[in-house]
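Fold and geometry: a report
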Amino acid sequence: MTVPKAEVERRVRRFVETCRRSGLKVTHQRTEVFRELAGREDHPAAETVYREVRRRLPSISRDTVYRTLALLQAQGLIRKTQVLRNEGRYDANAEPHHHFVCTVCGRIEDFESPALDELPLPPSVRALGSVQSAHVQVRGTCSACAGREARGGRDGKTEQGEAVALGGRVMTLERKGDRDE
Ligand SMILES: [Zn+2]
Ligand SMILES: [Zn+2]
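Here's what I pulled together on the structure shown here. (Residues numbered from 1 in each chain as written. Chains lettered and ligands numbered in written order. Predicted model: local features only at pLDDT ≥ 70, side-chain atom pairs only at ≥ 80, totals over all residues.)

Residues Val 33, Phe 34, Leu 37, Val 49, Val 65 and Leu 69 are the most contacted members of the largest nonpolar core, which totals 16 residues. Elements supplying a minimum of two residues to this core: helix H2 (28-38), helix H3 (46-56) and helix H4 (62-74). (Core = buried A, V, L, I, M, F, W, Y, C linked by C-beta atoms within 7 Å. Buried ≥ 20, exposed ≤ 12 C-beta atoms within 10 Å, placed from the backbone. Helix = DSSP H or I, 4+ residues; strand = E, 2+ residues; numbered from the N terminus.)

As structure tokens, this is what we get:
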């Protein structure tokens, strides 16, 4: 669940440079909120970011953390990648990547796929508007939850995967029995 230290530092450096270029003040609090996000792979909710940043900066308020996340998102420094159970989840991974979402525990994992990066979008997407980026979201049951289900005596049911390309339409892909064991 943690990003290698060198990668965190690289993300923070890029964050500082991007802020400077766009005239956004690089405050200690903003940097710490970003650093918390940059060090995690679990796409945390704002409340989790607040809880963790407060350990290092006890004086930071919940309001500041929430506003900082919204600001960084508006500046394109982080992405709100997913809303699960009415809760926005944030992502500081700026490299092209896709998401596996566990519909049982809400865990969101990154994965890379050059083939999916090249996914041809149908013309109907362009009719809807201009496309900035696209990513695929695969939904299913993570192996930890699948293990719990199996131990609970239920057999592995066929999973239905769903892929969503952002910036346009929703596509549904049927994926039967391709779950990693
Ligand atoms: Zn899960
Ligand atoms: Zn991600």
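Alignment of strand S1 (residues 79-84) against strand S2 (residues 87-91), held across 5 bridges, turns out to be antiparallel. If you follow Val 83 over to S2, its bridge partner there is Gly 88. With antiparallel pairing between neighbouring strands as the criterion, S1 and S2 make up a hairpin whose turn holds 2 residues, including Arg 85 at a positive phi of roughly 50°. (Pairing = 2+ DSSP bridges.)

Okay, H2 next. Each α-helix winds once per 3.6 residues, and so residues spaced three or four apart point in a common direction. Those residues of H2 not exposed but buried are Arg 30, Glu 32, Val 33, Phe 34, Glu 36, Leu 37 and Ala 38. The inward-facing, buried residues of H2 abut helix H1 (5-21), H3, H4 and S2. (Contact = placed C-beta atoms within 7 Å.)

In spatial order, the strands read S4-S3-S5; together these 3 strands make up an open sheet with mixed pairing. Of all strands in the sheet, those bounded by a partner on one side alone are strand S4 (108-111) and strand S5 (137-140). Going across the sheet, the axis of each strand differs from the next one's by a mean of 25°, ignoring polarity. Across 4 bridges, strand S3 (residues 98-102) lies against S4 in antiparallel orientation. In the sheet register, His 98 faces S4, and the bridge partner there is Phe 111. (Axes fitted to C-alpha atoms, helices over the stretch in contact; angles between N-to-C directions.)

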